[in-house]
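# A closer look at the structure
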Amino acid sequence: MRENARVTADYKGDYQELVDEISELLGAPATLENRNFELIAFGAYDSEGDLDPSALDPVRTRSILTRRSTAAVRRWFEGFGITRATGPVRIPPTPEAGVYRGRICLPVRHRGVVLGYVWLLVDEPGPDEPRLAAAMRVTARIGALLADEAQHGADLTRELRAVLTAERGWPQDMAVAELRTALGARAEGPHTMVCVAPWPSADPDDAPSVRTLPGATALCTVPWGTADQCLALLVRLRSADTLTPAVSAATRLLERAAAGHTTAGAAPGGAVRRGGAGVAAGVAAGRSGPAELGTAWTQAVAAARAALAEPRLGPVAQWARLGPYRLLTSLSPEARHDAAVGPLLAPAHQELARTAEVYLDCAGQAGRTAAELGVHRQTLYYRLSRVEQLTGLDLDDGEDRLLLHMALKAARL
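Calculation rules
- Residues numbered from 1 in each chain as written.
- Predicted model: local features only at pLDDT ≥ 70, side-chain atom pairs only at ≥ 80, totals over all residues.
- Heavy atoms only, no water.
- Helix = DSSP H or I, 4+ residues; strand = E, 2+ residues; numbered from the N terminus.
- Buried < 20%, exposed > 50% of the residue type's maximum accessible area, 1.4 Å probe, protein only.
- Contact = heavy atoms within 4.5 Å.
- Areas by Shrake-Rupley, 256 points an atom, 1.4 Å probe, with all protein chains shown as cover.
- Pairing = 2+ DSSP bridges.
- Salt bridge = Lys/Arg side-chain N within 4 Å of Asp/Glu carboxyl O.
- Expected span 1.5 Å × (residues − 1).
- Arc of directions from axis to C-beta.

### Re the overall build of the protein chain
- When you go through the protein chain residue by residue, the secondary structure sums to 14 helices and twelve strands.
- The buried share of the protein chain, taken over its 413 residues, is 48%.
- In the protein chain, of all internal contacts separated by at least 6 residues, the share reaching a separation of at least 24 is 63%.
- Looking at the protein chain as shown, the accessible area adds up to about 19,500 Å², and 52% of this sits on carbon and sulfur atoms.

Structural data, given as structure tokens:
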């Protein structure tokens with residue numbers, strides 16, 4: 001009982017840890033899906049350290065790569081009675097259905113309700129009954145975790161959205177208080193915010209289940225610009241200094257954005273492409289307690305904007321690693337535009353603007369700049385003189401160079 005109480009308070013550890021525990025216990029590759037056949041976690045096991053390629057039959061491969069199974073696959077497996085089963089269900093290999101290896105399905109239940117399934121790829125005779133019984137005890141822990149998140153995570157959408165959209169001051173303080181109450185004992189633990197923007201669907205309800213993202217506490221969509229939505233995710237951490245769970249969740253959401261839309265592809269720096277526009281993610285600094293959730297969200301949004309503007313920062317940008325963009329993203333749109341630099345930003349002078357930015361990125365070293373641009377030094381000097389003529393700035397003056405550099409970086413935002 002003491003162990004169960006501790007595990008409940010900690011959300012029973014990561015789903016990944018529990019799936020890995022089952023994989024090790026039974027000596028077989030395992031995956032965890034929710035009852036809608038959406039992938040939550042998967043583990044690979046091989047006694048010699050190399051995953052057997054035959055383990056990756058088409059059904060399992062699709063599940064891992066797309067994080068879900070097709071409706072036809074779902075109906076086929078449900079035909080074996082897994083929705084009603086209370087113990088392991090053995091499913092024989094059926095090559096014509098893409099199931100090249102036999103499976104054991106461990107129903108994940110809580111208080112009699114099926115919440116998901118653990119799938120094991122096994123060959124006959126498979127694990128013995130004592131080990132399967134031990135694995136079912138682990139699925140009970142998974143079931144309690146799924147039930148806990150179903151109770152709290154789904155209900156937190158409204159509270160999280162209220163915090164992120166409320167005006168600063170008293171309205172936001174009230175929204176934070178409601179979220180704190182809904183979180184209960186989890187409220188004071190370490191956490192951070194993730195922003196995925198723009199989310200590739202205009203439907204605010206078209207968002208993944210929070211239960212498919214290990215470490216996620218709450219998820220909602222909020223407006224991004226005038227027509228788009230972005231995805232906001234509250235992620236619990238083991239330590240405020242370790243953002244790995246948030247980065248993993250952001251990466252998975254970007255994969256979901258790419259997989260769900262046929263116009264998706266690869267953008268510079270690895271960002272997802274959506275109909276010609278980038279999709280990137282930002283991760284705020286870790287913190288404890290919900291009091292500064294508004295600040296965390298501001299940081300996550302700023303990091304996402306920076307990742308969209310500067311490909312080298314993405315596709316998942318962390319606030320702590322933004323460098324000068326931490327300052328630039330805090331400026332208002334009006335403050336980001338300087339009258340002196342305006343003429344240089346005209347479409348007709350795109351090449352000059354790039355030349356100036358590369359020159360300043362290279363700390364004013366002409367040799368490095370010319371090599372980076374692939375031009376002769378005389379060409380570089382001519383372009384820089386044109387930049388000075390257009391802007392009235394002196395590139396030998398430190399403050400003028402600082403102004404130009406900041407304005408060029410800010411223009412990306």
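### Regarding the pairing of strand β5 (residues 113–121)
- Taken across its nine residues, β5 has eight buried, putting it largely inside the fold.
- Where strand β1 (residues 30–34) and β5 come together, five bridges link them in antiparallel fashion. By the bridge assignment, Asn-34 is partnered in β5 with Gly-116.
- One ladder, built from eight bridges, connects strand β4 (residues 103–110) with β5; its direction is antiparallel. Note on β5: the bridge partner recorded for Arg-109 is Val-114.
- Counted between consecutive antiparallel strands, the loop separating β4 from β5 contains two residues, among which Arg-111 sits at a positive phi close to 55°.

### Observations regarding the pattern of salt bridges
- Scanning the entire structure with this criterion turns up 14 salt bridges.
- Residues Arg-238 and Glu-17 are paired through a salt bridge, measuring 2.5 Å at the closest nitrogen-oxygen approach. Of this pair, Arg-238 sits in the loop between β8 (228–236) and α8 (244–259) while Glu-17 sits in helix α2 (residues 15–26); the two residues are 221 residues apart in sequence, bridging distant segments of the chain.
- Exposure remark for Arg-238: the relative accessible area of 59% places this residue in the exposed category.
- Asp-128 is the partner of Arg-131 in a salt bridge, and the nearest nitrogen-oxygen pair spans 3.7 Å.
- The class for Arg-131 is partly exposed, based on a relative accessible area of 34%.
- You can call Asp-128 partly exposed: its relative accessible area is 40%.
- Several salt bridges share partner residues, and in doing so they unite Glu-310, Arg-312, Glu-357, Asp-361 and Lys-409 into one network.

### Let's talk about helix α13 (residues 377–391)
- In a regular helix each residue adds 1.5 Å, so 15 residues correspond to 21 Å; α13 covers 21 Å between its end C-alpha atoms and thus fits that length.
- For α13, the set of buried residues is Leu-380, Arg-383, Leu-384, Val-387 and Thr-391. Projected onto a plane normal to the axis of α13, the buried residues spread over an arc of 100° and lie on a single side. Exposed residues on α13 whose side chains face more than 90 degrees from its buried face are Gln-378, Tyr-382 and Gln-389.

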